[in-house]
Amino acid sequence: MKKASFWFWPAAMIAGSLLVAGCAVRVPDNLQPVTNFDVGRYAGTWYELARIDHRFEKGLVNVSAQYSLNSDGTVKVVNRGFNPAKNEWKEATGTARFLGDPRTAALKVSFFGPFYGGYNVVRLSDDYQTALVIGNTRDYFWLLSRQKTMPEAQKRALLAEAARLGVDLNKVIEVPQP
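The rules we used
Residues numbered from 1 in each chain as written. Predicted model: local features only at pLDDT ≥ 70, side-chain atom pairs only at ≥ 80, totals over all residues. Heavy atoms only, no water. Buried < 20%, exposed > 50% of the residue type's maximum accessible area, 1.4 Å probe, protein only. Helix = DSSP H or I, 4+ residues; strand = E, 2+ residues; numbered from the N terminus. 1 Å grid on protein atoms, 1.4 Å probe; cavity = no way out; pocket = protein on both sides within 12 Å on 5 of 7 lines; lining within 4 Å. Points joined across faces, edges and corners; volume = space filled by probe spheres on them.

A. Fine view of unusual backbone geometry. Of note in this structure, N30 is not a glycine but carries a positive phi near 60 degrees. Taking relative accessible area as the criterion, N30 reaches 79% and is therefore assigned exposed. Located in the positive-phi region is N62, a residue other than glycine, with phi close to 50 degrees. Within the secondary structure, N62 sits in strand β2 (residues 61–69). For N62, a relative accessible area of 14% puts it in the buried group.

This is the structure in C-alpha coordinates:
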(Lines give C-alpha, C1' and ligand atoms only; values in the text may rest on other atoms or scores of the structure.)
Protein backbone atom coordinates (compact mmCIF):
# COMPACT_ATOMS: atom_id res chain seq x y z
CA MET A 1 0.00 0.00 0.00
CA LYS A 2 1.28 3.42 -0.96
CA LYS A 3 1.68 5.96 1.85
CA ALA A 4 -0.13 9.26 1.60
CA SER A 5 2.14 12.16 0.86
CA PHE A 6 3.04 14.58 3.66
CA TRP A 7 0.59 17.22 2.48
CA PHE A 8 -2.48 14.97 2.46
CA TRP A 9 -3.55 15.32 6.12
CA PRO A 10 -3.05 19.08 6.39
CA ALA A 11 -4.90 19.53 3.10
CA ALA A 12 -7.70 17.27 4.31
CA MET A 13 -7.96 19.23 7.57
CA ILE A 14 -8.08 22.54 5.71
CA ALA A 15 -10.72 21.20 3.32
CA GLY A 16 -12.75 19.92 6.26
CA SER A 17 -12.49 23.27 8.02
CA LEU A 18 -13.64 25.08 4.88
CA LEU A 19 -16.55 22.68 4.53
CA VAL A 20 -17.65 23.30 8.10
CA ALA A 21 -17.14 27.07 7.71
CA GLY A 22 -19.18 26.96 4.50
CA CYS A 23 -22.06 25.38 6.41
CA ALA A 24 -21.93 27.68 9.45
CA VAL A 25 -24.56 30.36 9.08
CA ARG A 26 -25.53 32.91 11.70
CA VAL A 27 -27.41 36.12 12.18
CA PRO A 28 -24.99 39.09 12.40
CA ASP A 29 -24.51 40.58 15.87
CA ASN A 30 -27.10 43.11 17.02
CA LEU A 31 -29.58 42.23 14.28
CA GLN A 32 -32.99 40.69 14.88
CA PRO A 33 -34.70 38.87 12.02
CA VAL A 34 -38.41 39.49 11.61
CA THR A 35 -40.61 37.46 13.97
CA ASN A 36 -44.18 36.33 13.30
CA PHE A 37 -42.89 35.63 9.80
CA ASP A 38 -45.29 33.93 7.38
CA VAL A 39 -43.26 32.18 4.67
CA GLY A 40 -46.47 31.56 2.69
CA ARG A 41 -47.05 35.31 2.40
CA TYR A 42 -43.36 35.86 1.59
CA ALA A 43 -43.47 33.34 -1.26
CA GLY A 44 -43.75 34.69 -4.77
CA THR A 45 -41.73 37.17 -6.80
CA TRP A 46 -39.53 39.92 -5.36
CA TYR A 47 -37.52 42.48 -7.31
CA GLU A 48 -34.09 43.65 -6.26
CA LEU A 49 -34.01 47.45 -6.12
CA ALA A 50 -30.64 47.87 -4.36
CA ARG A 51 -27.81 45.62 -3.19
CA ILE A 52 -24.20 45.37 -2.21
CA ASP A 53 -22.65 43.98 -5.37
CA HIS A 54 -20.84 40.63 -5.31
CA ARG A 55 -19.22 38.37 -7.88
CA PHE A 56 -22.34 36.25 -8.33
CA GLU A 57 -24.51 39.28 -9.27
CA LYS A 58 -21.88 41.58 -10.81
CA GLY A 59 -23.33 43.57 -13.69
CA LEU A 60 -26.81 42.08 -13.48
CA VAL A 61 -29.93 44.21 -13.93
CA ASN A 62 -33.61 43.34 -13.84
CA VAL A 63 -32.89 40.95 -10.97
CA SER A 64 -35.70 39.00 -9.37
CA ALA A 65 -36.07 36.23 -6.82
CA GLN A 66 -38.90 33.72 -6.86
CA TYR A 67 -39.64 31.88 -3.60
CA SER A 68 -41.92 28.85 -3.33
CA LEU A 69 -42.59 26.34 -0.60
CA ASN A 70 -41.39 22.76 -0.83
CA SER A 71 -43.34 19.92 0.77
CA ASP A 72 -40.50 19.29 3.26
CA GLY A 73 -40.68 22.80 4.74
CA THR A 74 -37.74 24.18 2.77
CA VAL A 75 -38.04 27.05 0.32
CA LYS A 76 -37.15 26.85 -3.36
CA VAL A 77 -35.24 29.95 -4.49
CA VAL A 78 -34.85 30.94 -8.13
CA ASN A 79 -32.71 34.04 -8.69
CA ARG A 80 -32.69 35.55 -12.16
CA GLY A 81 -30.99 38.57 -13.70
CA PHE A 82 -30.00 39.99 -17.06
CA ASN A 83 -26.38 40.64 -18.01
CA PRO A 84 -26.49 43.46 -20.61
CA ALA A 85 -22.76 43.13 -21.38
CA LYS A 86 -23.29 39.53 -22.55
CA ASN A 87 -26.91 40.04 -23.62
CA GLU A 88 -27.98 36.97 -21.65
CA TRP A 89 -30.07 35.93 -18.67
CA LYS A 90 -28.45 34.21 -15.70
CA GLU A 91 -30.44 32.00 -13.37
CA ALA A 92 -29.57 30.09 -10.20
CA THR A 93 -31.81 27.71 -8.29
CA GLY A 94 -31.25 26.96 -4.62
CA THR A 95 -32.84 25.81 -1.41
CA ALA A 96 -33.37 27.80 1.77
CA ARG A 97 -33.82 26.29 5.24
CA PHE A 98 -34.85 27.98 8.46
CA LEU A 99 -32.14 28.27 11.12
CA GLY A 100 -34.74 27.51 13.77
CA ASP A 101 -38.37 28.47 14.26
CA PRO A 102 -39.99 29.07 10.83
CA ARG A 103 -41.81 32.06 12.32
CA THR A 104 -38.44 33.81 12.54
CA ALA A 105 -37.06 35.02 9.18
CA ALA A 106 -33.53 33.67 9.68
CA LEU A 107 -32.63 31.24 6.92
CA LYS A 108 -29.65 29.74 5.19
CA VAL A 109 -29.64 29.31 1.42
CA SER A 110 -27.51 27.12 -0.81
CA PHE A 111 -27.11 27.25 -4.55
CA PHE A 112 -24.51 24.47 -4.67
CA GLY A 113 -23.65 21.58 -2.42
CA PRO A 114 -23.32 21.89 1.31
CA PHE A 115 -22.31 25.56 1.22
CA TYR A 116 -24.82 27.98 2.70
CA GLY A 117 -25.11 31.72 3.00
CA GLY A 118 -27.23 33.66 5.44
CA TYR A 119 -30.58 35.15 4.49
CA ASN A 120 -32.03 37.27 7.28
CA VAL A 121 -35.14 39.33 6.65
CA VAL A 122 -34.52 42.17 9.11
CA ARG A 123 -37.32 44.51 8.01
CA LEU A 124 -40.58 43.56 6.32
CA SER A 125 -43.55 45.79 5.64
CA ASP A 126 -46.81 44.65 7.21
CA ASP A 127 -48.27 44.05 3.77
CA TYR A 128 -45.24 41.97 2.64
CA GLN A 129 -44.45 44.42 -0.15
CA THR A 130 -40.92 45.53 0.84
CA ALA A 131 -38.07 43.80 2.65
CA LEU A 132 -34.54 44.46 3.83
CA VAL A 133 -32.36 41.34 3.78
CA ILE A 134 -28.89 40.95 5.28
CA GLY A 135 -26.69 37.89 4.90
CA ASN A 136 -24.13 36.41 7.32
CA THR A 137 -22.55 39.85 7.55
CA ARG A 138 -23.66 43.36 6.73
CA ASP A 139 -21.57 43.11 3.56
CA TYR A 140 -24.45 41.15 2.03
CA PHE A 141 -27.51 43.36 1.65
CA TRP A 142 -30.61 43.52 -0.55
CA LEU A 143 -33.57 45.90 -0.75
CA LEU A 144 -36.46 43.89 -2.21
CA SER A 145 -39.90 44.92 -3.42
CA ARG A 146 -42.91 43.21 -4.94
CA GLN A 147 -42.91 45.99 -7.54
CA LYS A 148 -40.14 46.83 -10.03
CA THR A 149 -40.14 50.44 -8.85
CA MET A 150 -41.00 52.41 -5.75
CA PRO A 151 -41.29 56.08 -4.94
CA GLU A 152 -37.87 57.63 -4.39
CA ALA A 153 -38.81 58.87 -0.90
CA GLN A 154 -39.77 55.34 0.16
CA LYS A 155 -36.52 53.90 -1.25
CA ARG A 156 -34.46 56.56 0.58
CA ALA A 157 -36.31 55.82 3.85
CA LEU A 158 -35.62 52.07 3.51
CA LEU A 159 -31.95 52.71 2.72
CA ALA A 160 -31.73 55.02 5.74
CA GLU A 161 -33.13 52.16 7.84
CA ALA A 162 -30.47 49.86 6.37
CA ALA A 163 -27.81 52.38 7.39
CA ARG A 164 -29.20 52.40 10.96
CA LEU A 165 -28.81 48.61 10.91
CA GLY A 166 -25.12 49.01 10.05
CA VAL A 167 -25.15 48.61 6.26
CA ASP A 168 -22.50 50.77 4.55
CA LEU A 169 -24.53 52.71 1.99
CA ASN A 170 -21.32 53.63 0.16
CA LYS A 171 -21.21 49.98 -0.99
CA VAL A 172 -24.86 49.83 -2.05
CA ILE A 173 -25.80 50.09 -5.72
CA GLU A 174 -29.25 50.64 -7.15
CA VAL A 175 -30.40 47.90 -9.51
CA PRO A 176 -32.12 49.00 -12.72
CA GLN A 177 -35.42 47.24 -13.39
CA PRO A 178 -36.14 48.05 -17.05
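B. Seen up close, empty space enclosed by the protein. Throughout the structure, instances matching the rule amount to one cavity of 30 Å³ or more. Here the largest cavity defines a volume of roughly 80 Å³. Forming the walls of the largest cavity are F37, V39, Y42, Y67, V75, V77, A96, L107 and Y119.

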